[in-house]
Amino acid sequence: MNFPLDPSVSEYLIQTFSSHPKALCRALEALVLRIHLREDLPETERRRVSQPLAASVLEDLVSKEAQKELTPSKVIQVVAAHYGVPVNDLLGKSQSRECALPRQVAMHLCRELLAMPFTKIGDLFTRNHSTVMTSCRQVKKNLTIQSSDLQQNMSQIQHTLHDMIAS
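In this text, all values refer to a predicted model and were calculated from it rather than measured experimentally.

Conventions and cut-offs
- Residues numbered from 1 in each chain as written.
- Predicted model: local features only at pLDDT ≥ 70, side-chain atom pairs only at ≥ 80, totals over all residues.
- Heavy atoms only, no water.
- pLDDT = per-residue confidence, 0-100.
- Helix = DSSP H or I, 4+ residues; strand = E, 2+ residues; numbered from the N terminus.
- Axes fitted to C-alpha atoms, helices over the stretch in contact; angles between N-to-C directions.
- Left-handed = near helix turned anticlockwise from the far one by under 90°.
- Contact = heavy atoms within 4.5 Å.
- Expected span 1.5 Å × (residues − 1).
- Buried < 20%, exposed > 50% of the residue type's maximum accessible area, 1.4 Å probe, protein only.
- Core = buried A, V, L, I, M, F, W, Y, C linked by side-chain atoms within 4.5 Å.
- Salt bridge = Lys/Arg side-chain N within 4 Å of Asp/Glu carboxyl O.
- Phe/Tyr/Trp six-rings, centres within 6.5 Å; stacked < 30°, edge-to-face > 60°.
- Lys NZ or Arg CZ within 6 Å of the ring centre and 35° of its normal.
- Lys, Arg positive; Asp, Glu negative; His and termini not counted.
- Polar contact = N/O pair within 3.5 Å; in protein donor to acceptor, adjacent residues only side chain to side chain.

Counting all residues, the mean pLDDT for the protein chain is 88, and 95% of those residues have values of 70 or more. Looking across the protein chain, the model is least confident in helix α3 (residues 43-47), with a mean pLDDT of 76, and most confident in helix α9 (residues 118-124), with 96.

Shown next as structure tokens:
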């Protein structure tokens, strides 16, 4: 198509629309079409699209992509809803079984799905990193047990999270 992209634009698109390859393709198509259709742009800007111009032209798509992004907050909300525990209790100090297991699951998912460091997870749950490590290890161990309720719960939670970011 003879549409030269500045390397910074390519990097911007890859980082912004990395959730799914189709999203990246749609963003690139939208960029090309929108730049082509903009009559107010000087020819030099049409020939060499800058990163700020690309961000401006794709602002609506960037906003939608940000909503699809999986975040610790979304993980916590889904886990809390699945177990019927208020988010404040999940993040609080309660050590009851009703709160502790969902908290451990949420910590494990933050680690596994978001690749968060133990210290960041600890900050989020107001725990130290060693508590987070122990919680993640415990969940991982319980997931290896055959016919575990935890396996079924984890599968349902991950399915819910996947549906949330896929829509």
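The subject of this paragraph is the packing of helix α6 (residues 72-83) against helix α8 (residues 97-114). Contact geometry for α6 and α8: axes closest at 9 Å, N-to-C directions at 145°. As for the relative orientation of α6 and α8, their crossing is right-handed in sense. Note on element contacts: α8 touches α6 through Leu 101, Pro 102, Val 105, Ala 106, Leu 109, Cys 110 and Leu 114, opposite Pro 72, Val 75, Val 79 and Tyr 83.

Time to look at α6. Between its first and last C-alpha, α6 extends 17 Å over 12 residues, near the 16 Å set by a 1.5 Å rise per residue. Three or more residues of α6 are buried, namely Lys 74, Val 75, Ile 76, Val 78, Val 79 and Ala 80. Just downstream of α6, Gly 84 is the residue with a positive phi angle, here 70°.

Formed by 23 residues in total, the largest nonpolar core has its most connected members in Val 105 and Leu 109. Elements represented by at least two residues in this core include exactly α6, α8, α10 (129-143) and α11 (149-166).

As a further point, take the pattern of salt bridges. Scanning the model with the defined rule gives 4 salt bridges in all. Across the pair Arg 38 and Asp 40 runs a salt bridge whose closest N-O atoms are separated by 3.0 Å. Lys 140 serves as the salt-bridge partner of Glu 112, at 3.7 Å between the closest nitrogen and oxygen. Highlighted residues: Glu 112 in helix α8 and Lys 140 in helix α10, separated in sequence by 28 residues. Looking at Glu 112, the relative accessible area reads 43%, which means it is partly exposed. For Lys 140, a relative accessible area of 47% translates into the label partly exposed.

The first and last C-alpha atoms of α11 sit 26 Å apart over 18 residues, in line with the 26 Å expected at 1.5 Å per residue. On its buried face, α11 sits against α6, α8 and α10.

On to the packing of aromatic side chains. In the structure shown here, the tally under the stated rule is 0 aromatic pairs. Above the face of the Phe 118 ring, Arg 111 is positioned so that its terminal group lies 3.8 Å from the ring centre.

Looking at the element boundaries, Arg 103 is found in helix α8. This buried residue, Arg 103, is left without a salt bridge; Asp 89 holds the nearest opposite charge, at 7.6 Å. Within the structure, Arg 103 has its side chain in polar contact with the backbone oxygen of Gly 92 (distance 3.1 Å). With sequence-adjacent residues up to four places away left out, Arg 103 is seen in contact with Asp 89, Leu 90, Gly 92, Lys 93, Ser 94, Phe 125 and Arg 127.

Inspection of the secondary structure puts Asp 163 in helix α11. Sequence spacing of Asp 163 and Thr 131 is 32 residues, and the spatial spacing of their C-alpha atoms is 30 Å.

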